[in-house]
Structure formats: structure tokens, C-alpha cells
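# Descriptive analysis of the structure
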Amino acid sequence: MGIFPLPGLKISPCATLPAKKIDPPAKTLKHGRELKLIIFHYHLRPGGVRRILELATPHLLHARRNLREIVLAAGEATDHRWNEFYGRHVAPTPVEFFLDPALGYVSEQSARPGIITPRVRAALRKLFAGATPSNTLVWAHNLGIARNLVLTRELTRLCAARGIPLLLHHHDWWFDNRWLRWPEMRRTGFATLSAAARAVFATAPAVRHLAINQADAAVLRHHFGPRAGWLPNLSECTPAPKPARRQAAHDWLQAKIADHGAPVWLLPCRLLRRKNVAEALLLTRWLRPEAWLVTTGDVSSADEADYCARLTQAARRHHWRVRLGVLAGNEARKPAIPKLLAASEAVMLTSIQEGFGLPYLEAVAARRPLIARALPNIAPDLAQFGFKFPQYYEEILVHPRLFDWHAEHRRQTRKFAAWKQQLPASCRRLAGTPLMLAAPAPQPVPFSRLTLTAQIEVLAHPTRESWTLCAALNPFLARWRERAATGRLQISAWPKTADPWLSGPAYARRFFQFTRRPAGAAPAGAAQAAQQEFIRAKLDATQLFPLLWSTQS
């Protein structure tokens, strides 16, 4: 095992120490005792989890003055500037970065599967040396995507054995269009669905399962009762950036696109297939042809490299007005996301899959118009918070003359069959029929239900031609196009009803409510039953997107 020395930061060496047997915890954390908060994530790359840590940690510290130390445990933390920023952000509370490759993605580790388990155990023994139920609280993010199920299993076992409160905060799931993980999971010792369920949905009394949307939380509560709950991501309507700072971000964007005076439509995301970047480009070209589409993040996973490369190559070949990954690289003076949002003419969110979708709220906070998909698992939550989005849509239909329908049908048939073969045998019969494969003949199809190859075919047509063919299929777009041309895209107001749900104090209050310990463990079989209910829903035809069937779409 190795460590990554970072200047000015406290880094723990990963030595092996014996675990101590600790008595079970009291029913609640003792507020008067000094408490260490250990935060887990596979990495600290730019993205939603890192943003939540920035927003939430100061409020947790304010709500519990006995939180005396924070430890960020991850497989890597290579962004030294962010590490230093976070340390200043939570000062004077000390921050320790506990970094060990064994805690990262299995796919990015060179060790043989049999070596990963002892390495994970050694790292955890070191990290939890001296940890007891009264001095330690663990907050683990997104372990349900199963990028390292050995870590998930060993962490939950350790916390269960010692009685240390463990909040498993689930943002996404491995069985939600991430079946490419299944062979990897089997290679690392999780040969059955039941074994995966026992790791992801641990039932020990010390464990809590938290979801960031109500749809997932309802399933968790059904099976785990008071040991599960809903903890949505936090966000607040902050003061608008000062004009000088907004102008500086605007000038920086103009320099990046090298087209002085051109409007910028921002898609704040990493380059992931599920972000459906090509749809944002299609909408930008239709609604505001002179605008540039700019994405913020770069590729952060090998699984997404082909997607990024093909988009980049197509953009260069066709001279599209798109700038991908504007924040990539080690440039010293890069504007923060809120400033970039405020400096953009409009904000886009075209994802086909999100656990929460912070850009919905961040666009409102930045007082920028938002053009966004109404995702079925998120839209009810946003409505409950009180948000209304004037430029909100479910799908964008495209005419079959804009791509080779029959070639795409054959392509999807082949890719879906290969994808389905990767599923466990018991799940294959649950998979629905993808929308395009159910169509008897060429007809309009949602752009999101195409492979990247067909999406690029659509984009290759001149904007006027594709708009002429598709405008009648999407009548709401004509109104948006007129608004965009005249600078009248509508901006959503931040509702007062959102604060009791999304404010920092509300987040901290709910967070610590989940540290209370209900009597007894979860019902027998709860882990397997919860996973099965999720899998049935995630394999429904409405949840099947060709972009996510293969890393080469």
C-alpha cells in the first residue's frame, strides 16, 4: 500500500494495526464528547460528492460543536488546490486526508482480486485505530455503485463489529444502467446477487441507508424501516457574484471559446455518457444557433474515454460550436462553477440519469435560465421543494430521416443482446424491450434513446434542416426559440418553501437525526428484497438507454 504526500496537508500512513473489540454503542451519539467524522468516497475528483462536502461540512460542524476532526478517506485526492481549499473552508477544524489506492475503484487497481481484500482490511485497521462508538461517526458516499464492493463489505463489517455509526449515503446504484460492473464484482468475490445485496444493503444495527431522492428512499424505508431515510442534497440561494467577478468569469469563458461576444450556454458536468451531452448541443443549435455549448468537467473514468473522444472528433470534423471540459487541466486561476453559471447566458441539464441533479438548483441560485429534462425520479422532489421550471421537457423527438433508422435498429439489437447477456440469468427475463426495438417501422424517436453513433448522425445535418423536420414534433421548442433569440428565456425564482428542505441547518439537523439507533437489526432478507425491488424498476423499458449499454455506444 502506498500514500500520496500532499504539501501542507496531514496524510496518514497506511500501516497495519490490530482491530480492538468495542462494546455496542449507546442509542445516540453523546454530544459532549469529542467526535471524529470520517468521510468516505472512492476519490475526490470534481463532481457532485465533492460539491456536497463543500456545502455540508461547515453546517455539520456548526450543528455539533464536538466534531473536533474530519478525515477524508479515499483512493486518491490529486487535486491539491481543492484539498487546500477544503482545509481552509472548514478551519479551524483540522482535516486529515487518508489516501490509499485500495479504497479506490477496483478497475483502476493493478492488484489481483485476492490481494485487494487484505489491502482494504489493512487500510481500515489503520484508519479506525482507537475508534469507538462514542468518538467516531462514519459518512460514506455512493458505495452503492459498487466500484469497490470489497471496501463496502469490509467497512460495513468493521462498523457493525465495533458498533460505530455508519451512514451510507446512496447517490446512485450499480444496477441502474451500470451492469458493466457485474463481471468485475464477480471477479472480486461477489458471485451472486445475494452476496452483492448483503454488501450494499448491510442490515447491522449500526448502519443507516440514506437516499438523495424520495423514490429511492421509499424503497429503502419499505425494507429497512427507521434505519433508512431521505437526505436530499443541500443548496441555498446565495448572493449573486459581484459584477466584477461575473465579468472576470465571462471574459475567461470568452477566451476559452475564442469567439468574442458569442453567447455561452453552460452544461455543468463531467463528460459522462449519462449526461447526454449531444442532446444539449442539439438544443443549443436549434434554440440559439450563434451560442457555444460549454461543458465544465473532463473525463474522470476510463469507461467514458471513448465517448469523449468520439464527441470531440465529431465536433472538430463538423466545426460545431462546442467546448468540452473547459475546467480541465491545472490552470491556476479558473473560475468556480457558481461564477461560470452566473456568467453564462443559459444553463443546460440534459442528463438521462441523475440521483439528485444539483444543476437544477444551482442555475436558480445563479439567476440563470435553465433548460432541463424533467427526470421522473427527481421532478416530484423539485416540485415538493416549490421549484417551477419554465423550460422543462421530458423528451426531444427527432425525425427518422435524420439518421439511418435501419442501421440504428440493427445496432441497438446487437448492443442490447450483448448488454442483456451480461446480466445475471435471473435478471434477463426482467429486462423490458427498448423503445426503438419495440417500434414496428421508422417513426420519430426520442433523441435520448439513440446510440451516440445515431446522435452524431442527427447533429451532422445542417441546423436549419434538422429544425425544420423536428419543430412540429416538439411544439414547445418554438416558444423557447423565440425567447432565446430575444433574450427572454425565463428564470426560475428560489421558493421560500425550499429552505426547510435544502438549507444547511436543515441538512445538518436531518443528518444527525439519522445517527439515532433504533432497536434491533433490519428484518431477515431485507437486503435481498430491497435490491430485487430496485432491479425490477431499473430494468423496466422506460429505464433503458442505448448510451449506457456499452462504453462504446
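Everything below is about the structure shown above.
These remarks concern the structure in this document. Note that this is a predicted model, so its numbers are computed, not measured.

## Thoughts on the packing of aromatic side chains
By the definition in use, this model includes 31 aromatic pairs. Aromatic ring contacts, followed pair by pair, group Trp-173, Trp-174, Phe-175, Trp-179, Trp-182, Phe-201, Phe-224 and Phe-534 into a single cluster. Its end group placed over the ring of Tyr-105, Arg-147 keeps NZ or CZ at 3.8 Å from the ring centre. Sitting above the plane of the Trp-467 ring, Arg-481 keeps its charged end 4.5 Å from the centroid.

## Some remarks on helix α18 (residues 476-485)
Taken as a whole, α18 has its buried residues at Leu-477, Trp-480, Arg-483 and Ala-484. Buried residues along α18 cover an arc of 120° about the axis, so they all sit on one side. Buried-residue contacts for α18 involve β9 (264-267), α9 (277-287), β13 (370-373), β14 (391-393) and α17 (463-470). Looking one or two residues beyond α18, the residue adopting positive phi is Gly-487, at roughly 70°.

## Description of the pattern of salt bridges
Taken as a whole and assessed by the stated rule, the structure comprises 26 salt bridges. Of the charged contacts, one joins Arg-373 and Glu-279 as a salt bridge, the two residues approaching to 3.1 Å between their closest N and O atoms. On the criterion of sequence distance, the pair formed by Arg-373 in strand β13 and Glu-279 in helix α9 is long-range, its members being 94 residues apart. Neither residue differs from the other here; Arg-373 and Glu-279 are each classed as buried. Residues joined by salt bridges that share partners form a network here, namely Arg-121, Arg-153, Glu-154 and Arg-157.

## As for the pairing of strand β5 (residues 136-141)
Most of β5 is tucked away, with six of its six residues classed as buried. Residues Thr-136, Val-138 and Ala-140 of β5 are buried on one face, and the alternating residues Leu-137, Trp-139 and His-141, pointing to the opposite face, are buried as well. As judged from the five bridges shared by strand β2 (residues 35-40) and β5, these two strands associate in the parallel manner. Across the sheet, the residue bridging to Ile-38 is Val-138, located in β5. Across four bridges, β5 lies against strand β6 (residues 166-170) in parallel orientation. For Trp-139, the partnering residue across the bridge sits in β6 and is Leu-167. The β-α-β motif built from β5, the intervening helix α4 (residues 149-162) and the parallel element β6 has right-handed crossover chirality.

## Section: the environment of Leu-210
Checked against the element boundaries, Leu-210 lands in strand β7 (residues 207-211). What makes Leu-210 buried here is its relative accessible area of 0%. Between the C-alpha atoms of Leu-210 and Gln-490, which are 280 residues apart in sequence, the distance is 34 Å.

## Here we look at the packing of helix α6 (residues 193-200) against helix α21 (residues 526-538)
Their axes nearest at 8 Å, the elements α6 and α21 cross at an angle of 105°. As far as their axial angle goes, α21 and α6 are roughly perpendicular. Across from Leu-193, Ser-194, Ala-196, Ala-197 and Arg-198 in α6, the residues of α21 making contact are Ala-527, Gln-528, Gln-531 and Ile-535. Of the residues assigned to the contact of α6 with α21, the class counts are five nonpolar, three polar and one charged.

Cut-offs used in this document
- Residues numbered from 1 in each chain as written.
- Predicted model: local features only at pLDDT ≥ 70, side-chain atom pairs only at ≥ 80, totals over all residues.
- Heavy atoms only, no water.
- Phe/Tyr/Trp six-rings, centres within 6.5 Å; stacked < 30°, edge-to-face > 60°.
- Lys NZ or Arg CZ within 6 Å of the ring centre and 35° of its normal.
- Buried < 20%, exposed > 50% of the residue type's maximum accessible area, 1.4 Å probe, protein only.
- Helix = DSSP H or I, 4+ residues; strand = E, 2+ residues; numbered from the N terminus.
- Arc of directions from axis to C-beta.
- Contact = heavy atoms within 4.5 Å.
- Salt bridge = Lys/Arg side-chain N within 4 Å of Asp/Glu carboxyl O.
- Pairing = 2+ DSSP bridges.
- Right-handed = clockwise from strand over helix to strand, strands pointing away.
- Axes fitted to C-alpha atoms, helices over the stretch in contact; angles between N-to-C directions.
- Parallel < 35°, antiparallel > 145°, perpendicular 65-115°, else oblique.
- Nonpolar A, V, L, I, M, F, W, Y, C, P; charged D, E, K, R; others polar.

Note that every value here comes from positions in space, so none of it alone points to a role or purpose.
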